[in-house]
Structure formats: structure tokens, C-alpha cells
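Each chain is listed here by its residues.
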Amino acid sequence: MKTKAVLSAEDVQKINAAAVAEATSNGWNVCITIVDDGGHALSLHRMDGAAPSTAMMSLGKAQTSAVGRRESGAFEEMINGGRYAFLSAPNTAMLEGGVPIVVDGNVIGAVGVSGVKSAQDAQIARAGIAAVTGA
């Protein structure tokens, strides 16, 4: 039987704190959502000034990344590259800003961010993940 790492409540708090710090240091008001490997929400933090829609978008990006086992932006690139069939996929937000949390080659969750430019959303997510993986 295989075993794999899972996100603890402490891990989730560290990820969120680091992501909030990254957003704050850049003056960005965003929503940060952290999910487990099945896309179930473990944390949602909407910063003051972030639009209400960012809560739904950040959750969708995180779920897409966790269940798709890759950055949500990869799906956006596929669609922009002409693979329009992905528009019918059950993923909810195939836009950059969802980043998987990978430990020992296993996706154990994801972070989704929404509220600024997509590349900036992903930057915030990666900063949060680095707080627990060091990557």
C-alpha cells in the first residue's frame, strides 16, 4: 500500500500566511483558496478590497489545479492553442492562478488565487506553497 503526504491545518496556515504576505508586499488585494488533493476547500481568505467574484474564481482555480494535477494555466494555454474541446471539461476555472502542491511527486492539494493579473495570481500561490515545500 502506498502512503503520501497530506496537508495539515498548520501547513494550510503557513501557506495562507506566506501568500497573504506576498500579496500585501505588492499592494495586491486578492482571494486565496487552499484545497486538498480532491479539490475540497481547506481555507479561503478574501483580503479587504478584493472583489466578491474572486472567492469563486480562486476556488475554481485551486480545484482545477488539484484535480487536473497541473497548474490551471496549462489548461488555458491548451484552449488558447486551439484545443477548444477543453471548454467542455468539468474544471471550473481554466485560467492561470491555480498551482498544485507537489510532495514526493504526489499532488497533495493546490492554491488558487484571484484578484490581480493571472501571472501575479500564480506568483502569490507559488509564494504560499514555498512556505511548506521550500520549492
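Higher on the page you've got the structure.
Residues numbered from 1 in each chain as written. Predicted model: local features only at pLDDT ≥ 70, side-chain atom pairs only at ≥ 80, totals over all residues. Heavy atoms only, no water.

Participant: Describe helix α2 (residues 53-68), and please don't skip the residues or the numbers.
Facilitator: In this model, α2 (16 residues) spans 22 Å end to end at C-alpha, consistent with the 22 Å of a helix rising 1.5 Å per residue. In this fold, the buried residues of α2 make contact with β1 (31-36), β2 (41-46), α3 (72-80), β3 (98-103), β4 (106-114) and α4 (118-133). Following α2 by one or two positions, R69 has its phi on the positive side, about 60°. (Helix = DSSP H or I, 4+ residues; strand = E, 2+ residues; numbered from the N terminus. Expected span 1.5 Å × (residues − 1). Contact = heavy atoms within 4.5 Å.)

Participant: Please provide a residue-by-residue account of the pattern of salt bridges, values included.
Facilitator: Within this structure, the stated rule accounts for four salt bridges. In this structure, K4 engages D37 in a salt bridge whose closest nitrogen and oxygen atoms are separated by 2.3 Å. Of the two residues, K4 is situated in the segment before α1 (9-25) and D37 in the loop between β1 and β2; the sequence distance between them amounts to 33 residues. Overall, K4 belongs to the partly exposed group, its relative accessible area being 40%. Judged by its relative accessible area of 24%, D37 is partly exposed. E10 serves as the salt-bridge partner of K14, at 3.4 Å between the closest nitrogen and oxygen. Taken together, the positions of K14 and E10, both in helix α1 and four residues apart, correspond to about one turn of that helix. Exposure remark for E10: the relative accessible area of 49% places this residue in the partly exposed category. (Salt bridge = Lys/Arg side-chain N within 4 Å of Asp/Glu carboxyl O. Buried < 20%, exposed > 50% of the residue type's maximum accessible area, 1.4 Å probe, protein only.)

Participant: How would you summarise the packing of α1 against α4 if you had to cite specific residues and measurements?
Facilitator: Relative to each other, α1 and α4 sit at 140°, their axes nearing to 7 Å. By the criterion of interaxial angle, the relationship of α1 to α4 is oblique. Both α1 and α4 take part in a crossing whose hand is right-handed. Between α1 and α4, the residues in contact are D11, K14, I15, A18, A19, E22 and A23 and Q123, I124, A127, G128, I129, A131 and V132, respectively. Taken together, the residues that form the contact of α1 with α4 break down as nine nonpolar, two polar and three charged. (Axes fitted to C-alpha atoms, helices over the stretch in contact; angles between N-to-C directions. Parallel < 35°, antiparallel > 145°, perpendicular 65-115°, else oblique. Left-handed = near helix turned anticlockwise from the far one by under 90°. Nonpolar A, V, L, I, M, F, W, Y, C, P; charged D, E, K, R; others polar.)

Participant: Give me the environment of G81: which residues, what numbers.
Facilitator: As for its position among the elements, G81 is in the loop between α3 and β3. For the pair G81 and S58, spaced 23 residues apart in sequence, the C-alpha to C-alpha distance is 23 Å.

Participant: Quick rundown of the pairing of β3? Include the residues and the values.
Facilitator: Across six bridges, the pairing between β3 and β4 is antiparallel. Within β4, the position partnered with I101 by the bridge is G109. Linking two consecutive strands that pair antiparallel, namely β3 and β4, is a turn of two residues; a positive phi of about 55° is found at D104 within it. (Pairing = 2+ DSSP bridges.)

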